[in-house]
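# Examining the three-dimensional arrangement
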Amino acid sequence: MRLLTEQKKGLLATNFYNLETLHGVLRAARELDQPLILQLTSNSIEYMGLNTAVNSAKTGLKDYGVEGWLHLDHGGSVELAQACLDAGFDSVMIDGSELPFDENIKITKEVVKRASAYNANVEAELGYVAKLGQAHTQMGFTRVAEAETFVEETGVDALAIAIGTAHGFYKEEPKLQFDLLADIHSRIKSILVLHGSSGVPAAQLQQAISLGICKINLATEIKNIFMKTLQSILKQSEEIDLRKVFPKATNSVTQLVKEKLLIVQNN
Ligand SMILES: [Zn+2]
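Presented here is an overview of the structure given in this document.

How each quantity is defined
Residues numbered from 1 in each chain as written. Predicted model: local features only at pLDDT ≥ 70, side-chain atom pairs only at ≥ 80, totals over all residues. Heavy atoms only, no water. Phe/Tyr/Trp six-rings, centres within 6.5 Å; stacked < 30°, edge-to-face > 60°. Helix = DSSP H or I, 4+ residues; strand = E, 2+ residues; numbered from the N terminus. Buried < 20%, exposed > 50% of the residue type's maximum accessible area, 1.4 Å probe, protein only. Pairing = 2+ DSSP bridges. Axes fitted to C-alpha atoms, helices over the stretch in contact; angles between N-to-C directions. Contact = heavy atoms within 4.5 Å. Donors = N, O, S within 2.8 Å, 3.2 Å for Na, K, Ca; no water. 1 Å grid on protein atoms, 1.4 Å probe; cavity = no way out; pocket = protein on both sides within 12 Å on 5 of 7 lines; lining within 4 Å. Points joined across faces, edges and corners; volume = space filled by probe spheres on them. Nonpolar A, V, L, I, M, F, W, Y, C, P; charged D, E, K, R; others polar.

### Quick notes on the packing of aromatic side chains
One pass over the structure, following the stated rule, counts 2 aromatic pairs. Relative to Phe150, the ring of Phe101 lies with its centre 6.3 Å away and its plane at 50°, an arrangement referred to as tilted. With Phe101 in helix 6 (residues 101–116) and Phe150 in helix 7 (residues 144–154), the pair connects residues that are 49 residues apart, well separated along the chain. When its relative accessible area of 24% is taken as the criterion, Phe101 is described as partly exposed. For the ring pair Phe226 and Phe246, a centre distance of 6.1 Å and an interplane angle of 20° mean the geometry is stacked. Linking Phe226 in helix 10 (residues 220–236) with Phe246 in helix 11 (residues 242–265), this pair joins segments that are 20 residues apart in sequence.

What follows is the structure, encoded as structure tokens:
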């Protein structure tokens, strides 16, 4: 993550779910010669198998010649973060955002302590970024004073903040709280992370980057375009050779991520 503070521009973090989506995102980064963070959630780790997922990601970065690293997205426990550090992740997120403030500090501090032995970075979350299926509410924006205390006490490298985004797709266009973002950015040292960027208009993403967001997470749109493309192919075709069907869905992921990379780099 040192790369992030140095370049002072946005870096895209894309989730992957299988080999096809991994290749899709890596090809986009290679074609535009851009760095990329690869992310796995606990569900994806369970789906792919921890070591298979780690080895695929690391080999993929090398084969595609992409500068990047592997990150745990929304780690829910110290044990999972530890398992990922042992397996070779370069950075981990510990998400204590739904815990009381003091417990979020405690769990984050513990992961920061463990990660330092691996020279790995840690991301935490403060505030309420609605998860899939949760209500979108204005009540949970990150508070500046809390963010300051949180970063000071935990020594966390990156902080996901709640400034008006949510996970999944939006029913109405989101309105990011830019004043709040600027305020947080002026008061804390850690890297700022924006979750829930799927469906956020390009201009708002770019403004968020210009005001201090360094890491932009993209997940929902990747899953969506991959599955929508597959569904439309399968409706029209009885092809059983998956090697002829999947590449079209992989290409759709590449196109999407290229568009996002252009938005993020054109700042
Ligand atoms: Zn997230």
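Structure's up, so let's keep going.
### Examining the pairing of strand 1 (residues 11–15)
In terms of burial, strand 1 is a largely internal element, 5 of the 5 residues being buried. Alternating residues of strand 1 divide into Leu11, Ala13 and Asn15 and Leu12 and Thr14, and every residue in both groups is buried. Relative to strand 8 (residues 213–218), strand 1 is paired through 4 bridges, and the arrangement is parallel. In the strand pairing of strand 8, Leu12 is matched with Ile216. In terms of strand pairing, strand 1 meets strand 2 (residues 36–40) through 3 bridges, oriented parallel. What sits directly across from Asn15, in strand 2, is Gln39.

### Thoughts on the sheet that holds strand 8
Spatial strand order, 1-2-3-4-5-6-7-8: 8 strands in a closed barrel with parallel pairing. Averaged over all adjacent pairs, the angle separating strand axes in this sheet is 25°, with direction ignored. Across 3 bridges, strand 6 (residues 158–161) lies against strand 7 (residues 191–194) in parallel orientation. When the bridges of strand 7 are listed, Ala160 appears paired with Val193. In the packing of helix 6 onto the sheet, the strands contacted are strand 4 (91–94) and strand 5 (121–126), and the crossing angle to strand 5 comes to about 170°.

### Comments concerning the coordination of the zinc ion
Reference geometry at the metal: tetrahedral coordination by four donors gives ideal angles of 109.5 degrees; octahedral coordination by six donors gives 90 or 180 degrees. For the zinc ion, the protein coordination sphere consists of His74 (NE2), His167 (NE2) and His195 (ND1), at 1.9 to 2.1 Å. Expressed as a motif, the donor residue spacing for the zinc ion is H-x92-H-x27-H. Here His74, found in strand 3 (residues 68–75), pairs with His167, found in the loop between strand 6 and helix 8 (178–187); they are 93 residues apart in sequence, far enough to count as distant. Since its relative accessible area comes to 17%, His74 is described here as buried.

### A short note on empty space enclosed by the protein
Enumeration over the complete set of coordinates arrives at 1 cavity of 30 Å³ or more. There is about 40 Å³ of room inside the largest cavity. Every residue lining the largest cavity is counted, 10 residues in all, and those nearest its centre are Gly10, Leu11, Gln34, Pro35 and Val264. Secondary structure elements with two or more residues in the lining of the largest cavity: strand 1 and helix 11. Take the lining of the largest cavity: its biggest share by element is 3 residues, from helix 11. The residue inventory of the lining of the largest cavity, partitioned by class, reads 5 nonpolar, 4 polar and 1 charged.

### Some thoughts on helix 5 (residues 78–87)
Among the residues making up helix 5, those that are buried are Val78, Ala81, Gln82, Cys84, Leu85 and Ala87. Considering only its buried residues, helix 5 is in contact with helix 3 (42–48), helix 4 (50–64), strand 3, strand 4 and helix 6.

In short, shape yes, function no, at least from these values alone.
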